[in-house]
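# Observations on chain architecture
The chain contents come next:
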Amino acid sequence: MNILLVDDEILLLEKLKRTVAAVAPDADLYAFSKAREALEFTQTTPIDIAFLDINMRILSGMELANQIQAIYPKVNIIFCTGYAEYALDAHDLHCSGYLLKPVSEEKVADALNNLRYPIGSGKDSEEPKKRVEIHCFGNFNVTIDGVPVHFKYEKTRELLAYLVDRQGALTSLAEIAAVLWEDEEHEYYLKSLRRDLILTLEEAGCSDILEKERGKLAILPEKISCDYYDWRSGKIPSSSYSGEYMAQYSWAEYMNGLLMEV
């Protein structure tokens, strides 16, 4: 098992190396105080796990993680930082762990016992299943494998946003229409939106994120990655929440009020 350690503070790097060595004595550890040298090293040596500081000069831990993941899509990134506010950004990179300094043996052991990818997944192993990522904090956005999703109608995005807000509850088309257009009648338009949503997801190979019944729709939470769901479950620290919830939709204002009180 190859473990990369990167921190531009020499003393902290040495402490991290001793801590990881105590938890994983059989692992091969490669420590670097310069991010660019670490990146060059990964060009020739496969990496299973990377412990990365975030605030580093020249090349940040986030940027380094992005470039390592381009080489090894299934590398386990574990960020080590003294700041909680980067947790959402780290989540977007599908990190395996987010450790606040000082890093203890207990924290490292917990991170190594809960890796996102099995050790040995490797650079040339089978690509992971398509991932649908939903971002609710700030403006609502959807990506599939990191690529933004484009719908035929912008209102289709709002339809999906409301299904996400319902957190898996089957929702009737009548209720959806009442929320999206208040008291106006838009039955034909709503059917077009439903069709656009289903076809767009089918073309992307992700139609399984929806549960469809006659006259009803629901999102399947276990099929997507969602910052709001992770925040609610405690996977993202409460202190990392910033900005509005689905800022572009007026019907989300009530939830924004509740979130601001947390």
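So, here is what we can say about the structure in this document.

Thresholds, definitions, all that
Residues numbered from 1 in each chain as written. Predicted model: local features only at pLDDT ≥ 70, side-chain atom pairs only at ≥ 80, totals over all residues. Heavy atoms only, no water. Salt bridge = Lys/Arg side-chain N within 4 Å of Asp/Glu carboxyl O. Helix = DSSP H or I, 4+ residues; strand = E, 2+ residues; numbered from the N terminus. Buried < 20%, exposed > 50% of the residue type's maximum accessible area, 1.4 Å probe, protein only. Pairing = 2+ DSSP bridges. Contact = heavy atoms within 4.5 Å. Axes fitted to C-alpha atoms, helices over the stretch in contact; angles between N-to-C directions. Parallel < 35°, antiparallel > 145°, perpendicular 65-115°, else oblique. Nonpolar A, V, L, I, M, F, W, Y, C, P; charged D, E, K, R; others polar. Core = buried A, V, L, I, M, F, W, Y, C linked by side-chain atoms within 4.5 Å. Phe/Tyr/Trp six-rings, centres within 6.5 Å; stacked < 30°, edge-to-face > 60°.

Note that side chains of opposite charge can pair when their charged atoms are close. Counted by the stated rule, this structure contains 7 salt bridges. Residues Lys101 and Asp7 are paired through a salt bridge, measuring 2.8 Å at the closest nitrogen-oxygen approach. Within this pair, whereas Lys101 is found in the loop between strand S5 (97-100) and helix H5 (105-112), its partner Asp7 is found in the loop between strand S1 (2-6) and helix H1 (10-23), the two being separated by 94 residues in sequence. The partly exposed category is assigned to Lys101, whose relative accessible area is 27%. The residue Asp208 makes a salt bridge to Lys223 at a minimum N-O spacing of 3.6 Å.

Within the open sheet, the 3 strands sit side by side as S9-S11-S10. Their pairing is antiparallel. Two strands in the sheet have a free side with no partner beyond their single neighbour: strand S9 (171-172) and strand S10 (210-213). Pairing of S9 with strand S11 (residues 216-219), which is carried by 2 bridges, proceeds in the antiparallel orientation. The residue of S11 that forms the bridge with Thr171 is Leu217. Docked against the sheet, helix H6 (residues 154-165) engages S9, S10 and S11, running at close to 70 degrees with respect to S11.

A few words on the packing of helix H2 (residues 35-42) against helix H3 (residues 61-71). Interhelical geometry of H2 versus H3 gives an angle of 5 degrees and a closest axis separation of 10 Å. Of the possible angle classes, the one that applies to H2 and H3 is roughly parallel. Contact residues: H2 offers Ala35, Leu39 and Thr42, while H3 offers Leu64, Gln67, Ile68 and Ile71. For the contact of H2 with H3, the residue count by class is 5 nonpolar, 2 polar and no charged.

Before going further, it helps to examine the nonpolar core. Ile134, Cys136, Phe140, Leu160, Val164, Ile219 and Met246 are the most contacted members of the largest nonpolar core, which totals 41 residues. Taken together, the elements giving at least two residues each to this core come down to strand S6 (132-135), strand S7 (141-144), H6, helix H7 (173-181), helix H8 (187-203), S11, strand S12 (224-226) and helix H9 (227-233). Examining the composition of this core, we find that 6 residues originate from one element, H6, more than from any other. With near-sequence residues (within four places) excluded, Phe140 lies in contact with Ile134, His135, Arg157, Leu160, Ala161, Val164, Met246, Gln248 and Tyr249.

Counting across every chain of the model gives 11 aromatic pairs. Ring geometry for Phe137 against Tyr228: centres 6.4 Å apart, planes inclined by 85 degrees, an arrangement best described as edge-to-face. Placement of Phe137 in the loop between S6 and S7 and of Tyr228 in helix H9 is noted, with a sequence separation of 91 residues between them. You'll find Phe137 and Tyr228 in the same group, each marked buried.

The phi angle of most residues is negative, glycine excepted, and most peptide bonds adopt the trans form. Cis peptide bonds are those with omega within 30 degrees of zero, and the linkage from Lys101 to Pro102 qualifies with 0 degrees. Within the element layout of this structure, Pro102 appears in the loop between S5 and H5. Not every positive phi belongs to a glycine, and Gln167 is a case in point at roughly 55 degrees. As for its position among the elements, Gln167 is in the loop between H6 and S9. The residue Met246 is not glycine, and still its phi comes out positive at about 45 degrees.

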